[in-house]
Amino acid sequence: MPRPRLYATVAAGGFRRHATYRVATAAGVFTNSVFGLVLSYTYIALWDERPRLGGYSVDDALAYVWIGQALLTVCGLMGGGFEVELMERVRTGDIAVDLHRPADLQAWWLAANAGRCAFQLLGRGVAPMAIGALVFDFTLPDGPGRWAAFLLSVALGSLVGFAIWYLVAMSAFWLLDGQGVAQAAWLGGMFFSGMLLPLNVFPGALGDLARVLPWASLLQVPADVYLGRYGDGPGLARAYAFQGCWALVLLAAGRAAQAAATRKVVVQGG
């Protein structure tokens with residue numbers, strides 16, 4: 001089987017695997033929707049006190065809330081979902097079998113994660129956004145072109161999210177327990193992605209730092225693309241370049257970690 005077909009099959013399998021958990025998906029939609037309602041009313045109170053905070057209108061801020069709920073699992077703001085399984089395979093030694101397969105480890109998990117993200121976008125992304133739109137009058141894109149630009153930014157954000165969590169999983173090769181690294185990445189994703197507050201409202205040097213870290217690619221950049229803050233020309237290209245560069249850097253770091261891990265397994269096996 002040619003490699004592209006292999007990875008396409010893995011991606012399809014990842015989609016089907018997550019599609020079987022219908023009750024979990026429904027529970028996730030309910031949780032995201034409730035949290036979105038709580039956060040929406042919090043934002044309304046905050047924007048009533050500080051109109052145009054971060055350059056957003058209250059309608060923009062509400063859209064930001066529901067975009068965050070839609071992308072929570074798609075872009076891995078609080079975890080990629082696959083890293084726990086991958087770290088467990090490292091802990092048990094099953095990873096040695098994976099490394100000897102005629103398929104690249106990183107590409108295999110990337111394909112599986114792509115299938116997961118596609119399902120999560122449809123299963124846990126669309127429904128909360130629709131619920132939010134029924135309850136609140138928030139900003140919507142002004143045409144199909146804006147929706148397409150947003151979906152491309154989401155795809156790049158999910159790629160950056162995968163790269164972050166793949167590196168987290170690789171840390172298990174050198175640590176007795178990778179949960180500490182996972183917890184640190186989870187906290188970083190919560191704070192520096194803009195999950196709690198848009199990065200535009202962070203003050204001074206903290207805001208400058210937050211906006212150049214890779215977590216900004218997961219929510220802040222897609223949300224601003226959705227809201228049209230980058231426009232349709234060079235600004236949009238710069239947004240994509242920011243996400244793409246972080247994806248390339250982090251994927252390269254993950255591949256280097258994978259190569260080092262493979263050497264470690266070979267030496268120990270020998």
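Coordinates for the structure precede this section.
Heads up: these notes are all about the structure in this document. Per chain, residue numbering runs from 1 following the sequence as it is written. Totals for whole chains, interfaces and linings use every residue, but because this is a predicted model, local features are given only for residues with pLDDT of at least 70 and side-chain atom pairs only at 80 or more, for both listing and counting. Side-chain calculation: all heavy atoms of the structure are included, whereas hydrogens and water are not.

**Let's talk about a nonpolar patch on the surface**
Logical step 1: Exposure above 30% relative accessible area and the absence of a salt bridge qualify a residue for a patch, where like charges join within 9 Å and nonpolar side chains (Val, Leu, Ile, Met, Phe, Trp, Tyr) within 5 Å. Where accessible areas are quoted, they stem from the Shrake-Rupley method and a 1.4 Å probe; at the residue level, only the protein chains shown are allowed to cover. By convention in these notes, a salt bridge is any Lys or Arg side-chain nitrogen within 4 Å of a carboxyl oxygen on Asp or Glu. Nonpolar side chains collect at one region of the surface, where Tyr41, Ile131, Leu134 and Val135 lie side by side and expose about 420 Å² of accessible area between them.
Logical step 2: What counts as a helix is a DSSP run of H or I of at least four residues, what counts as a strand is a run of E of at least two, and both are numbered from the N terminus. A total of 3 residues in the nonpolar patch trace back to one element, the largest contributor, which is helix H6 (residues 105–135).

**Re helix H2 (residues 22–49)**
Logical step 1: A helix is expected to span 1.5 Å for every residue after the first. With 28 residues, H2 extends 41 Å between its outermost C-alpha atoms, agreeing within 8% with the 40 Å of an ideal straight helix rising 1.5 Å per residue.
Logical step 2: Using a 1.4 Å probe on the protein chains alone, a residue whose accessible area is under 20% of its type maximum counts as buried, one over 50% counts as exposed, and one in between counts as partly exposed. For H2, the complete set of buried residues consists of Thr25, Gly28, Val29, Asn32, Ser33, Gly36, Leu39, Ser40, Tyr43 and Trp47.
Logical step 3: The contact definition used throughout considers only heavy atoms, calling two residues in contact when any of these lie within 4.5 Å. The elements touched by buried residues of H2 are helix H1 (3–19), helix H3 (58–71) and H6.

**Let's talk about the side chain of Ser217**
Logical step 1: Within the element layout of this structure, Ser217 appears in the loop between helix H9 (204–210) and helix H10 (220–226).
Logical step 2: Residues contacting Ser217, with those up to four places away along its chain left out, are Gly157, Val160, Pro222, Phe242, Gln243 and Trp246.

**Side note on the environment of Gly235**
Logical step 1: Position of Gly235 relative to the elements: it lies in helix H11 (residues 234–269).
Logical step 2: Residue classification places Gly235 among the buried positions, given a relative accessible area of 9%.
Logical step 3: Considering only alpha carbons, one finds Gly235 and Val225, 10 residues apart in sequence, at a separation of 9.5 Å.

**Focus on the pattern of salt bridges**
Logical step 1: Within the structure shown, the criterion is met by 8 salt bridges.
Logical step 2: Two residues, Asp98 and Arg89, come together in a salt bridge whose shortest N-O distance is 2.6 Å.
Logical step 3: Across the pair Asp224 and Arg229 runs a salt bridge, and its minimum N-O distance is 3.4 Å.
Logical step 4: Residue Asp224 is classed as buried on the basis of its relative accessible area, which comes to 5%.
Logical step 5: On the basis of relative accessible area, Arg229 is assigned to the partly exposed category, the value being 40%.

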